[in-house]
Amino acid sequence: MDRHPLYHHDFPGFLLELAGTDVVLRLQGVGMNCGCEYTSFPLFRACRPVSRYEHSLGVGLIVWHFTGNRAQAAAGLLHDISTPVFAHVVDFLNGDHIRQESTEALTEDFIAESSQLQAVLGKYGLTTAHVADYHRYPLADNDAPRLSADRLEYTLCNLVSYGVCTQAEVGAFYEDLDAEEGELVFRTPQTAATFTRAALAMAQIYICDEDRFAMEYLAGLIRGALKERILTATDLYRTEPEVIAKLEAAPETAEAWRRFRTFSRVLRADTPQGEGWLRVEAKKRYIDPYIQGLGRVSAAFPEIGREMADFLKTDFDYWLRGE
């Protein structure tokens, strides 16, 4: 899915120049599916791989489309610049997988230390302070369950990649949006309701057993590789093909990586049944968009509100093992 033309009719020069710098291009080698795409779980094998680079460009374009503001659009494009390999797996590694914020700490450093980025920013009258924290721009990022450019982009992308919606359907969602008070809002109630239910289907995928098990297992593999000095902390900020090559080449991690690649189903148990069982919590992502003149979808469509409430009650009090 080439969704960038959907977001804006052209690609402004300043975003293209930022996207052409080495530190941004690195994101072509970092996936959106947090390593799950390397497993053999049918859910992920059937999904089209998407890079953080594609996502970042999309966020920048969405912000530009609705604001026309260079600083905000640049911050949106650069928001994932410090994302490590396998993305949120490193949050699991850092014990921050519920909030998923630990990988953002180096964003300002990555921007400040890139001479290429600094040259482009300076050309357009921007500084590191303008673009290092996209949280300061509510349209780029706001608190869930509101709809921001970041939340919208990965949702639309994944809806098509996982086969939940067609490209035409996500196009209809996008065309129905306006920007109001730092939030993307829908004009049409039924479009908002359809989008919300589709986003909730994606939310179920983000917390499914396969996703949680894969990320926790991979975090443990990386933890061991760091301990054995097969990987260094710097390696986590290279690309996934480079890190995978190191894992495959080292006898200490080669078998664990091979096993990770062959996982095709997950077993559940109330208590661990031996080695290899993991109990994994998850961040519950969901979206409750605003409809112009009506309020939140959950209020306008009470049945969807009940579905959201049921989702938020999801219990992870059981154990998982992959095979």
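Quick look at the structure, then. Source: prediction; values computed, not measured. (Residues numbered from 1 in each chain as written. Predicted model: local features only at pLDDT ≥ 70, side-chain atom pairs only at ≥ 80, totals over all residues. Heavy atoms only, no water.)

So, empty space enclosed by the protein
Now for step 1: For the coordinates displayed, the defined rule picks out one cavity of 30 Å³ or more.
Now for step 2: Taken as a whole, the largest cavity spans an internal volume of roughly 40 Å³.
Now for step 3: Those elements giving two or more residues to the lining of the largest cavity turn out to be helix 11 (149–161) and helix 13 (189–206).
Now for step 4: No other element matches the three residues that helix 13 contributes to the lining of the largest cavity. (1 Å grid on protein atoms, 1.4 Å probe; cavity = no way out; pocket = protein on both sides within 12 Å on 5 of 7 lines; lining within 4 Å. Points joined across faces, edges and corners; volume = space filled by probe spheres on them. Helix = DSSP H or I, 4+ residues; strand = E, 2+ residues; numbered from the N terminus.)

Some points on the side chain of Asp80
Now for step 1: With respect to the helices, strands and loops of the structure, Asp80 is situated in the loop between helix 6 (70–77) and helix 7 (89–93).
Now for step 2: A polar contact of 3.2 Å, which involves the side chain of Asp80, links it to the side chain of Arg52.
Now for step 3: Beyond its immediate sequence surroundings of up to four residues, Asp80 is in contact with Leu27, Arg52, His55 and Ser56. (Polar contact = N/O pair within 3.5 Å; in protein donor to acceptor, adjacent residues only side chain to side chain. Contact = heavy atoms within 4.5 Å.)

Points about the packing of aromatic side chains
The description of an aromatic ring pair uses the distance of the two centres, along with the angle that the planes make with each other.
Now for step 1: Overall, the coordinates contain 19 aromatic pairs when judged by the stated rule.
Now for step 2: On the basis of an interplanar angle of 80 degrees and a centroid distance of 5.1 Å, the ring pair of Phe213 and Phe263 is categorised as edge-to-face. Taken together, the positions of Phe213 in helix 14 (residues 209–227) and Phe263 in the loop between helix 16 (251–262) and strand 3 (266–269) put the pair 50 residues apart, joining distant regions of the chain.
Now for step 3: Taking relative accessible area as the criterion, Phe213 reaches 1% and is therefore assigned buried. (Phe/Tyr/Trp six-rings, centres within 6.5 Å; stacked < 30°, edge-to-face > 60°. Buried < 20%, exposed > 50% of the residue type's maximum accessible area, 1.4 Å probe, protein only.)

Describing the side chain of His8
Now for step 1: For His8, the position within the fold is in the loop between helix 1 (4–7) and helix 2 (13–19).
Now for step 2: Polar contacts involving the side chain of His8 include one to the side chain of His65, which spans 3.0 Å.
Now for step 3: Not counting residues within four places of it along the chain, the set of residues in contact with His8 comprises Leu61, Trp64 and His65.

Notes on the pattern of salt bridges
Now for step 1: Under the defined criterion, the tally for this structure stands at 15 salt bridges.
Now for step 2: With its nearest N and O atoms 2.8 Å apart, the salt bridge here joins Asp209 to Arg212. One end of the pair is Asp209 and the other is Arg212, both in helix 14 and three residues apart, which spans about a single turn.
Now for step 3: For Asp209, a relative accessible area of 11% gives the class buried.
Now for step 4: The residue Arg238 makes a salt bridge to Asp235 at a minimum N-O spacing of 3.0 Å. (Salt bridge = Lys/Arg side-chain N within 4 Å of Asp/Glu carboxyl O.)

Overview of the sheet that holds strand 1 (residues 177–180)
Through backbone hydrogen bonds, the strands of a sheet pair up, either in parallel or in antiparallel fashion.
Now for step 1: Strand order in this open sheet of four strands is 1-2-4-5, and the pairing throughout is mixed. Every other strand in the sheet has two partners, leaving strand 1 and strand 5 (295–296) as the edge strands with one partner each.
Now for step 2: Where strand 4 (residues 290–291) meets strand 5, two bridges bridge the pair, whose relative direction is antiparallel. What sits directly across from Ile291, in strand 5, is Gly295. (Pairing = 2+ DSSP bridges.)

Notes on helix 5 (residues 52–67)
Now for step 1: End to end, helix 5 covers 22 Å across 16 residues, agreeing with the expected 22 Å (1.5 Å per residue, within 8%).
Now for step 2: Counting buried positions along helix 5 gives 14 out of 16 residues, so the element sits mostly inside the fold.
Now for step 3: At the exit of helix 5 stands Gly68, carrying a positive phi of roughly 65 degrees. (Expected span 1.5 Å × (residues − 1).)

A short note on the packing of helix 13 against helix 18 (residues 302–312)
Now for step 1: For the pair helix 13 and helix 18, interaxial distance at closest approach is 11 Å and the crossing angle is 15 degrees. When the interaxial angle is binned, helix 13 and helix 18 end up roughly parallel. Every pair of crossing elements has a handedness; the one defined by helix 13 and helix 18 is left-handed. Across the interface between the two elements, Ala193, Thr196, Arg197, Leu200, Ala203 and Gln204 from helix 13 touch Glu303, Ile304, Glu307, Met308 and Phe311 from helix 18.
Now for step 2: For the contact of helix 13 with helix 18, the class distribution of residues is six nonpolar, two polar and three charged. (Axes fitted to C-alpha atoms, helices over the stretch in contact; angles between N-to-C directions. Parallel < 35°, antiparallel > 145°, perpendicular 65-115°, else oblique. Left-handed = near helix turned anticlockwise from the far one by under 90°. Nonpolar A, V, L, I, M, F, W, Y, C, P; charged D, E, K, R; others polar.)

Thoughts on the nonpolar core
Now for step 1: Counting 111 residues, the largest nonpolar core has Leu18, Phe86, Leu152, Leu156, Tyr174, Phe195 and Trp257 as the members making the most contacts within it.
Now for step 2: Of all the elements, helix 13 adds the most residues to this core, at ten residues.
Now for step 3: With residues up to four places along the chain from it excluded, the contact list for Tyr174 reads Leu6, Tyr7, Ile62, His65, Phe66, Leu152 and Leu156. (Core = buried A, V, L, I, M, F, W, Y, C linked by side-chain atoms within 4.5 Å.)

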